[in-house]
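One letter stands for each residue in the lines below.
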Amino acid sequence: MDLLVKNARIVTGPESFESNIGVEGGVITSVSRTLEPSGAEIYDASGKIVIPGGIDAHTHMELKVTGTRSADDFYTGTVAAACGGISTIVDFVDAQPAETMLGALAEYRRRADSKVAIDYGLHMMFKGQSLPEMDRIPEVVRKGVPSFKVYTAYKDRGLMLEDADIARVMETVTGAGGLIAVHAESERIIKRLIEKNLAAGNIEARYHALSRPPEAEAEAIARVTKLAKAASARIYIVHLSSRAGKEEVENARRRGTNVFAETCPHYLVLTDEVYERDDARNFVMSPPVKKADDRAALWEGLASGGVIETVGSDHCPFTGAEKDWGEEDFTKIPNGVPGTEAIIPLLYSEGVRKGRISMFDLVRVTSAAPAMRFGLSPSKGSISVGADADFVVIDPLERVRMTADAMHSKIDYSIYDHITTEGYPVLTVSRGEVVMQDGEFVGRRGRGRFVPRRAAS
Ligand code: URP
Ligand code: ZN
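Right, let's walk through the structure included here. (Residues numbered from 1 in each chain as written. Chains lettered and ligands numbered in written order. Predicted model: local features only at pLDDT ≥ 70, side-chain atom pairs only at ≥ 80, totals over all residues. Heavy atoms only, no water.)

### Concerning the site of ligand 1
What counts here: The cutoff for a nearby residue is simple: one of its non-hydrogen atoms must lie within 4 Å of the molecule or strand. We call two N or O atoms a polar contact when they sit within 3.5 Å, provided that within protein one can donate a hydrogen and the other can accept it, with sequence-adjacent residues counted only if both atoms are side-chain atoms. Here, Shrake-Rupley sampling with a 1.4 Å probe gives the accessible areas, and only protein chains in the shown set may cover a residue. The pocket and cavity definitions rest on a 1 Å grid over protein atoms only: a 1.4 Å probe that fits but cannot leave marks a cavity, an open set with protein on both sides within 12 Å along at least five of seven lines marks a pocket, and residues lining either have an atom within 4 Å of a point. A molecule is said to be in a cavity or pocket once over half of its atoms fall within 2 Å of that pocket's grid points. Three categories are distinguished: nonpolar for Ala, Val, Leu, Ile, Met, Phe, Trp, Tyr, Cys and Pro, charged for Asp, Glu, Lys and Arg, and polar for the others, with Gly belonging to the last.
The immediate surroundings of ligand 1 are formed by H60, K149, Y151, M285, S286, D314, C316, N335 and G336. Contact between ligand 1 and D314: a nitrogen atom at 2.7 Å from a side-chain N or O atom of the residue. Residue N335 places a main-chain N or O atom 3.2 Å away from a nitrogen atom belonging to ligand 1. Starting from 270 Å² of accessible surface for ligand 1 in isolation, the protein chains cover 95%. Here ligand 1 is seated within the largest pocket. In terms of residue class, the shell around ligand 1 is built from three nonpolar, four polar and two charged.

Right under this line is the structure:
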């Protein structure tokens, strides 16, 4: 045995029990109350909670955007993830203009393999330029990338697909056993409001949010869920941010659409009051954070039986200097915020400790559901014999003020520095190796592996 975790209060799937965990060769070899150490490194988890390693199925490491890349590369981003209790990320391949989907996938693998500190999978972004490559979808799926993200907005950045094309992609991906992810915002609502704001001289960061009301999300979700029902597609709505959007997901489910939703930590703990701050530009992401009522709706959606099945971070931070590009025009602010390190601390402290969700809900939305939905189970997503030894120890007594210094992302600010958590991850184990202990990254660059994901049978 390589590692023995003693006296653990384990929460996995719908179960909670006290036990010891034995690890050998990177997998869990025993979960039993009576385990002998036999030379293993021992970690005493008395008084702490042990849960499966978090799966953050929405990150954008070193994402190329106009004039720069997102600040965290696959090394610093996965270090930050590990320090927040995440043991697997799923990033998005973004093919550049001259690249094919398969070429871009190979390039992402080449860049990520040498850097990742934890395991990773990939989704494929399916943009306008990918339309001539529709017949390559089954091959991308066979390479372990069975999910494709489409955009309903951002035509000028080459991201948006027309509805008829979205329907065709849905049919083809479904035929290959894949899943469709949708960035759901209404191009027509956003475009008009941006035009009006800029014409009126409304250039500050808060107009980014005012150009994207909840209706922009709800309109797009209503439309794509109908397209999905007609194509018998399985879809998931990424970064759900509003009550109106959630209601559209619920309506679609009632009509028998195979749809589920993801939300992100920023929508759960912030409100649009952040756009009144001097550093409002740091909070510019799409869709933007909304009102306290929307935030309450998202917590309700996460609790057992709700339509929000996963929490992903949409981790895509930019430095303060890059955020300043939009000082005289909010449309020039690079969109995106940090988050992968914040998922588990915030769901535990703001969710479980404040009675908004149960510990079972936290485990479901951070590990069991993403593992199942994204084809990573049974090796990921549970603490059970035969599974990868990916787990996190949370100390309910650990209080951490989430300042830039306490976080590990490569940016010079924190959007959560007003929050001091009650409880925090103190140990992250990835395939049997301790990669974070007491807030320090103790893993190695490049030790993570690409995890090919299964398509639906
Ligand atoms: O504002 C966001 N969400 N930025 C990240 C990149 C993307 O398109 O999701
Ligand atoms: Zn994203």
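Still more ground to cover, so stick around.
### Points about the nonpolar core
To keep things clear, this is the line we draw: For the purposes of this section, nonpolar cores are sets of buried Ala, Val, Leu, Ile, Met, Phe, Trp, Tyr and Cys residues that join through side-chain atoms within 4.5 Å. Each residue's exposure class comes from its accessible area (1.4 Å probe, protein chains only) as a fraction of the maximum for that residue type: buried when under 20%, exposed when over 50%, partly exposed otherwise. Should any heavy atoms of two residues lie within 4.5 Å, those residues are counted as being in contact.
If you look at the biggest cluster of nonpolar residues, it comprises 105 residues, and the most contacted ones within it are I51, I137, M170, I235, I237 and L347. Leaving out residues up to four positions away in the same chain, I137 has contacts with M101, F126, F148, V169, T172, V173 and A176. V90, I194, L376 and V451 belong to the second largest nonpolar core, which has 27 residues in total.

### Let's talk about the side chain of D56
This is how it is decided: The numbering of helices and of strands both runs from the N terminus, where a helix is a DSSP run of H or I of at least 4 residues and a strand a run of E of at least 2. As used throughout, the charge tally considers Lys and Arg to be positive and Asp and Glu to be negative, leaving His and the chain termini uncounted. Note on definitions: salt bridges are taken to be side-chain nitrogens of Lys or Arg within 4 Å of carboxyl oxygens of Asp or Glu.
Structurally, D56 can be placed in strand β6 (residues 54-59). Buried and unpaired, D56 has K149 as its nearest opposite-charge partner, separated by 11 Å. A distance of 3.1 Å separates a polar side-chain atom of D56 from the backbone nitrogen of H58. Among the polar contacts made by the side chain of D56, one reaches the side chain of S313 at a distance of 2.5 Å.

### Here we look at empty space enclosed by the protein
Our working definition: Grid points are joined across faces, edges and corners, and a volume is the space filled by probe spheres set on the points.
Applying the stated rule across the entire model yields one cavity of 30 Å³ or more. Estimates place the volume of the largest cavity at around 110 Å³. If you trace the largest cavity, you find 13 residues lining it, with P338, G339, M407, S409 and Y416 closest to the centre. Here the residues of the lining of the largest cavity are counted per class, giving eight nonpolar, four polar and one charged.

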